[in-house]
Amino acid sequence: MGQVLKIFTDDSIDIDTPFKDVQATAFTILERQKIIDIANHISTNAKFDENAFQWDNIGKLASQFKRHLRSILLMVDFIAPLTHDPLMDAVNFLKVAFIKNKSLGQYPSDDLPNQFIPDSIKRYMYKEDVNGQKILLVDHYEFLVYRLLRNGLKSADIFCRDSINFQSFEDDLIDDIQWQQKEKLITDTGLTVLNQPIHSHLVELEHQLETRITEVNQRILLGNNEHFQIKNRGNHSRWISYKPL
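What comes next concerns the included structure. Quick caveat, the model's predicted, so the values are computed rather than measured.

1. Brief notes about the overall build of the protein chain
- For the protein chain, the helix and strand inventory stands at 10 helices and four strands.
- When the helices and strands of the protein chain are listed from N to C terminus, the series reads α-α-α-α-α-α-β-β-α-α-α-α-β-β.
- For the protein chain, the spread of C-alpha atoms along the three principal axes comes to 80 × 60 × 30 Å.
- Scored against the burial criterion, the 245 residues of the protein chain give a buried share of 22%.

Have a look at this one:
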(Lines give C-alpha, C1' and ligand atoms only; values in the text may rest on other atoms or scores of the structure.)
Protein backbone atom coordinates (compact mmCIF):
# COMPACT_ATOMS: atom_id res chain seq x y z
CA MET A 1 0.00 0.00 0.00
CA GLY A 2 2.94 2.28 0.70
CA GLN A 3 4.21 1.75 -2.84
CA VAL A 4 0.77 2.63 -4.21
CA LEU A 5 0.70 5.90 -2.26
CA LYS A 6 4.17 6.82 -3.54
CA ILE A 7 2.74 6.91 -7.08
CA PHE A 8 1.09 10.25 -6.22
CA THR A 9 4.48 11.83 -5.44
CA ASP A 10 6.44 10.13 -8.23
CA ASP A 11 8.00 12.94 -10.30
CA SER A 12 8.85 10.48 -13.09
CA ILE A 13 5.16 10.20 -13.98
CA ASP A 14 4.18 12.89 -16.50
CA ILE A 15 1.61 15.34 -15.16
CA ASP A 16 -0.54 14.80 -18.28
CA THR A 17 -0.69 11.01 -17.80
CA PRO A 18 -4.35 9.85 -17.92
CA PHE A 19 -5.68 8.79 -14.53
CA LYS A 20 -6.65 5.35 -15.88
CA ASP A 21 -2.96 4.76 -16.65
CA VAL A 22 -2.03 5.71 -13.09
CA GLN A 23 -4.70 3.32 -11.84
CA ALA A 24 -3.32 0.55 -14.02
CA THR A 25 0.12 1.10 -12.49
CA ALA A 26 -1.34 0.93 -8.98
CA PHE A 27 -3.17 -2.31 -9.76
CA THR A 28 0.10 -3.95 -10.85
CA ILE A 29 1.37 -3.32 -7.33
CA LEU A 30 -1.79 -4.24 -5.43
CA GLU A 31 -5.00 -5.59 -6.92
CA ARG A 32 -8.10 -3.41 -6.90
CA GLN A 33 -10.05 -5.27 -4.20
CA LYS A 34 -7.12 -5.25 -1.77
CA ILE A 35 -6.74 -1.49 -2.23
CA ILE A 36 -10.46 -1.10 -1.53
CA ASP A 37 -10.24 -3.27 1.60
CA ILE A 38 -7.27 -1.37 3.00
CA ALA A 39 -8.82 2.00 2.11
CA ASN A 40 -11.98 1.01 3.99
CA HIS A 41 -9.94 0.16 7.05
CA ILE A 42 -8.14 3.50 6.90
CA SER A 43 -11.27 5.55 6.21
CA THR A 44 -13.16 4.01 9.14
CA ASN A 45 -10.18 4.53 11.48
CA ALA A 46 -10.12 0.81 12.19
CA LYS A 47 -6.85 -0.76 13.23
CA PHE A 48 -5.44 -2.73 10.32
CA ASP A 49 -4.66 -6.32 11.33
CA GLU A 50 -1.42 -7.13 9.54
CA ASN A 51 -1.48 -10.72 10.79
CA ALA A 52 -4.95 -11.28 9.36
CA PHE A 53 -3.82 -9.81 6.05
CA GLN A 54 -0.76 -12.09 6.08
CA TRP A 55 -2.72 -15.25 6.90
CA ASP A 56 -5.28 -14.42 4.24
CA ASN A 57 -2.51 -14.34 1.64
CA ILE A 58 -0.93 -17.51 3.03
CA GLY A 59 -4.24 -19.25 2.34
CA LYS A 60 -4.15 -18.00 -1.24
CA LEU A 61 -0.60 -19.32 -1.71
CA ALA A 62 -1.43 -22.76 -0.29
CA SER A 63 -0.91 -24.66 -3.54
CA GLN A 64 2.62 -23.24 -3.84
CA PHE A 65 3.92 -24.01 -0.35
CA LYS A 66 2.26 -27.44 -0.36
CA ARG A 67 4.04 -28.37 -3.57
CA HIS A 68 7.45 -27.56 -2.09
CA LEU A 69 7.08 -28.36 1.61
CA ARG A 70 4.98 -31.50 1.75
CA SER A 71 7.70 -33.59 0.10
CA ILE A 72 10.25 -32.32 2.64
CA LEU A 73 7.93 -33.13 5.52
CA LEU A 74 7.48 -36.68 4.24
CA MET A 75 11.17 -37.37 3.64
CA VAL A 76 12.75 -35.77 6.73
CA ASP A 77 12.57 -37.24 10.22
CA PHE A 78 12.14 -34.53 12.84
CA ILE A 79 12.78 -35.20 16.53
CA ALA A 80 11.75 -33.31 19.66
CA PRO A 81 13.32 -33.75 23.13
CA LEU A 82 9.89 -34.29 24.71
CA THR A 83 8.29 -37.72 24.34
CA HIS A 84 4.87 -36.23 23.60
CA ASP A 85 5.59 -32.94 21.90
CA PRO A 86 2.37 -31.24 20.66
CA LEU A 87 4.03 -30.00 17.47
CA MET A 88 5.38 -33.46 16.65
CA ASP A 89 1.87 -34.87 17.14
CA ALA A 90 0.71 -32.52 14.38
CA VAL A 91 3.72 -33.38 12.18
CA ASN A 92 3.04 -37.11 12.47
CA PHE A 93 -0.66 -36.57 11.76
CA LEU A 94 0.18 -34.67 8.56
CA LYS A 95 2.61 -37.38 7.46
CA VAL A 96 0.01 -40.13 7.89
CA ALA A 97 -2.61 -38.08 6.02
CA PHE A 98 -0.27 -37.34 3.10
CA ILE A 99 0.91 -40.95 2.85
CA LYS A 100 -2.74 -41.98 2.59
CA ASN A 101 -3.14 -39.24 -0.03
CA LYS A 102 -5.94 -37.68 2.01
CA SER A 103 -6.76 -34.01 2.21
CA LEU A 104 -6.79 -32.44 5.66
CA GLY A 105 -10.25 -31.16 4.83
CA GLN A 106 -11.49 -34.74 4.82
CA TYR A 107 -10.90 -34.99 8.56
CA PRO A 108 -13.18 -33.48 11.22
CA SER A 109 -11.52 -30.39 12.72
CA ASP A 110 -11.42 -32.01 16.15
CA ASP A 111 -9.31 -34.90 14.80
CA LEU A 112 -6.38 -32.64 13.94
CA PRO A 113 -3.96 -32.08 16.88
CA ASN A 114 -4.26 -28.46 17.99
CA GLN A 115 -2.41 -28.28 21.30
CA PHE A 116 0.62 -26.75 19.56
CA ILE A 117 -1.30 -23.71 18.28
CA PRO A 118 -0.35 -20.58 20.28
CA ASP A 119 -3.30 -18.71 21.75
CA SER A 120 -2.25 -15.57 19.88
CA ILE A 121 -2.59 -17.41 16.54
CA LYS A 122 -5.82 -19.32 17.12
CA ARG A 123 -8.02 -16.51 15.80
CA TYR A 124 -6.36 -16.92 12.38
CA MET A 125 -6.77 -20.70 12.31
CA TYR A 126 -10.59 -20.77 12.34
CA LYS A 127 -13.58 -19.23 10.62
CA GLU A 128 -17.27 -19.35 11.47
CA ASP A 129 -19.78 -21.13 9.24
CA VAL A 130 -23.36 -19.96 8.66
CA ASN A 131 -24.37 -21.59 11.94
CA GLY A 132 -21.70 -19.76 13.92
CA GLN A 133 -19.62 -22.93 14.35
CA LYS A 134 -15.84 -22.69 14.19
CA ILE A 135 -14.24 -24.43 11.22
CA LEU A 136 -10.50 -25.08 11.04
CA LEU A 137 -8.74 -23.43 8.10
CA VAL A 138 -6.64 -26.42 7.13
CA ASP A 139 -4.29 -24.49 4.82
CA HIS A 140 -3.48 -22.06 7.63
CA TYR A 141 -3.07 -25.01 9.98
CA GLU A 142 -0.63 -26.80 7.66
CA PHE A 143 1.46 -23.68 7.10
CA LEU A 144 1.65 -23.04 10.84
CA VAL A 145 3.15 -26.51 11.30
CA TYR A 146 5.86 -25.68 8.74
CA ARG A 147 6.53 -22.29 10.33
CA LEU A 148 6.85 -23.69 13.86
CA LEU A 149 9.07 -26.51 12.59
CA ARG A 150 11.36 -23.90 11.04
CA ASN A 151 11.39 -21.90 14.27
CA GLY A 152 12.04 -25.04 16.32
CA LEU A 153 15.03 -26.01 14.18
CA LYS A 154 16.52 -22.52 14.47
CA SER A 155 16.08 -22.46 18.27
CA ALA A 156 17.34 -26.06 18.71
CA ASP A 157 13.99 -27.21 20.10
CA ILE A 158 13.52 -29.55 17.13
CA PHE A 159 16.27 -31.74 15.67
CA CYS A 160 17.05 -33.62 12.49
CA ARG A 161 19.58 -36.43 12.80
CA ASP A 162 20.22 -36.51 9.05
CA SER A 163 21.32 -32.87 9.11
CA ILE A 164 24.72 -31.41 9.97
CA ASN A 165 23.38 -28.10 11.26
CA PHE A 166 20.32 -29.32 13.13
CA GLN A 167 21.50 -32.38 15.02
CA SER A 168 20.96 -32.60 18.76
CA PHE A 169 23.88 -32.56 21.19
CA GLU A 170 23.13 -36.20 22.09
CA ASP A 171 23.70 -37.25 18.48
CA ASP A 172 27.36 -36.25 18.84
CA LEU A 173 27.85 -38.44 21.92
CA ILE A 174 28.77 -42.11 21.96
CA ASP A 175 26.04 -44.53 23.02
CA ASP A 176 25.77 -46.35 26.36
CA ILE A 177 27.16 -49.60 24.93
CA GLN A 178 30.37 -47.91 23.76
CA TRP A 179 30.68 -46.08 27.08
CA GLN A 180 30.91 -49.42 28.87
CA GLN A 181 34.48 -49.50 27.57
CA LYS A 182 35.17 -46.05 28.93
CA GLU A 183 38.58 -46.94 30.44
CA LYS A 184 39.90 -47.95 27.04
CA LEU A 185 38.28 -44.94 25.35
CA ILE A 186 39.82 -42.54 27.88
CA THR A 187 43.25 -44.11 27.41
CA ASP A 188 43.02 -44.13 23.61
CA THR A 189 41.95 -40.48 23.45
CA GLY A 190 44.40 -39.29 26.11
CA LEU A 191 41.61 -37.66 28.14
CA THR A 192 42.96 -38.85 31.48
CA VAL A 193 41.34 -35.88 33.19
CA LEU A 194 38.08 -37.85 32.98
CA ASN A 195 39.50 -40.26 35.57
CA GLN A 196 40.13 -37.40 37.99
CA PRO A 197 37.51 -36.81 40.73
CA ILE A 198 35.37 -33.82 39.82
CA HIS A 199 36.13 -31.97 43.08
CA SER A 200 39.88 -32.23 42.51
CA HIS A 201 39.47 -31.08 38.92
CA LEU A 202 37.43 -28.02 39.96
CA VAL A 203 40.04 -27.08 42.59
CA GLU A 204 42.74 -27.32 39.95
CA LEU A 205 40.77 -25.16 37.52
CA GLU A 206 40.12 -22.59 40.24
CA HIS A 207 43.84 -22.38 40.98
CA GLN A 208 44.61 -21.92 37.29
CA LEU A 209 42.03 -19.15 37.00
CA GLU A 210 43.28 -17.29 40.09
CA THR A 211 46.87 -17.53 38.79
CA ARG A 212 45.85 -16.11 35.41
CA ILE A 213 43.95 -13.23 37.02
CA THR A 214 46.99 -12.35 39.13
CA GLU A 215 49.31 -12.47 36.13
CA VAL A 216 47.03 -10.24 34.04
CA ASN A 217 46.78 -7.60 36.79
CA GLN A 218 50.55 -7.61 37.40
CA ARG A 219 51.27 -7.04 33.72
CA ILE A 220 48.89 -4.08 33.71
CA LEU A 221 50.42 -2.60 36.90
CA LEU A 222 53.94 -2.96 35.51
CA GLY A 223 52.97 -1.33 32.24
CA ASN A 224 53.75 -4.46 30.22
CA ASN A 225 50.30 -4.52 28.67
CA GLU A 226 50.22 -1.59 26.27
CA HIS A 227 46.48 -1.86 25.78
CA PHE A 228 45.73 -0.61 29.33
CA GLN A 229 46.53 2.49 31.35
CA ILE A 230 46.39 3.02 35.13
CA LYS A 231 44.39 6.03 36.30
CA ASN A 232 44.90 7.15 39.91
CA ARG A 233 42.40 9.29 41.80
CA GLY A 234 43.18 9.78 45.49
CA ASN A 235 43.44 6.42 47.19
CA HIS A 236 41.70 4.72 44.32
CA SER A 237 43.12 3.50 41.06
CA ARG A 238 41.61 1.91 38.03
CA TRP A 239 42.76 0.84 34.64
CA ILE A 240 41.20 1.62 31.30
CA SER A 241 41.74 0.10 27.89
CA TYR A 242 42.99 2.14 24.98
CA LYS A 243 44.63 1.67 21.61
CA PRO A 244 48.22 3.02 21.45
CA LEU A 245 49.08 5.27 18.52
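Read on for the rest.
2. Considering the pattern of salt bridges
- For the structure on display, the rule yields six salt bridges.
- Across the pair Lys66 and Asp139 runs a salt bridge, and its minimum N-O distance is 2.7 Å. With a gap of 73 residues between them, Lys66 in helix H5 (residues 62-75) and Asp139 in helix H7 (residues 138-154) connect regions that are remote in the sequence.
- What makes Lys66 partly exposed here is its relative accessible area of 22%.
- Residue Lys122 pairs with Asp119 through a salt bridge whose shortest N-O separation is 3.2 Å.
- Of the residues examined, Lys122 reaches a relative accessible area of 36% and is grouped as partly exposed.

3. Focus: unusual backbone geometry
- Non-glycine residue Asn101 carries a positive phi angle of around 60°.
- Positionally, Asn101 belongs in the loop between helix H6 (86-99) and strand E1 (126-128).

4. Things to note about the environment of Ala62
- Within the secondary structure layout, Ala62 lies in helix H5.
- Given a relative accessible area of 5%, Ala62 falls into the buried group.
- Taking the C-alpha atoms as reference points, Ala62 and His140, 78 residues apart in sequence, are found 8.2 Å from one another.

5. Looking at the packing of aromatic side chains
- Applying the stated criterion to the full structure yields five aromatic pairs.
- Look at Phe65 and Phe143: their rings are 5.0 Å apart centre to centre, the planes differ by 65°, and that puts the pair in the edge-to-face class. Placement of Phe65 in helix H5 and of Phe143 in helix H7 is noted, with a sequence separation of 78 residues between them.
- On the accessibility criterion, Phe65 (8% relative accessible area) is buried.
- Here Phe93 and Tyr107 contribute two aromatic rings whose centre-to-centre distance is 5.0 Å and whose plane-to-plane angle is 65°, an arrangement assigned as edge-to-face. With Phe93 in helix H6 and Tyr107 in the loop between H6 and E1, this residue pair connects regions lying 14 residues apart in the sequence.
- Taken together, Trp55, Phe65, Phe143 and Tyr146 form an aromatic cluster joined through their ring pairs.
- For the cation-ring pair, Lys102 lies above Tyr107, with the distance from its terminal atom to the ring centre recorded as 4.3 Å.

6. Some remarks on the nonpolar core
- Ranked by internal contacts, the top residues of the largest apolar core, which has 33 residues, are Phe116 and Tyr141.
- Those elements giving two or more residues to this core turn out to be helix H4 (50-60), H5, H6 and H7.
- When neighbours within four sequence positions are excluded, Tyr141 is seen to be in contact with Ala90, Leu94, Leu104, Leu112, Pro113, Phe116, Ile117, Met125 and Leu136.
- Core analysis: the second largest hydrophobic core is formed by seven residues, Ala26, Leu30, Ile35 and Ile38 among them.

About the cut-offs
- Residues numbered from 1 in each chain as written.
- Predicted model: local features only at pLDDT ≥ 70, side-chain atom pairs only at ≥ 80, totals over all residues.
- Heavy atoms only, no water.
- Helix = DSSP H or I, 4+ residues; strand = E, 2+ residues; numbered from the N terminus.
- Buried < 20%, exposed > 50% of the residue type's maximum accessible area, 1.4 Å probe, protein only.
- Salt bridge = Lys/Arg side-chain N within 4 Å of Asp/Glu carboxyl O.
- Phe/Tyr/Trp six-rings, centres within 6.5 Å; stacked < 30°, edge-to-face > 60°.
- Lys NZ or Arg CZ within 6 Å of the ring centre and 35° of its normal.
- Core = buried A, V, L, I, M, F, W, Y, C linked by side-chain atoms within 4.5 Å.
- Contact = heavy atoms within 4.5 Å.

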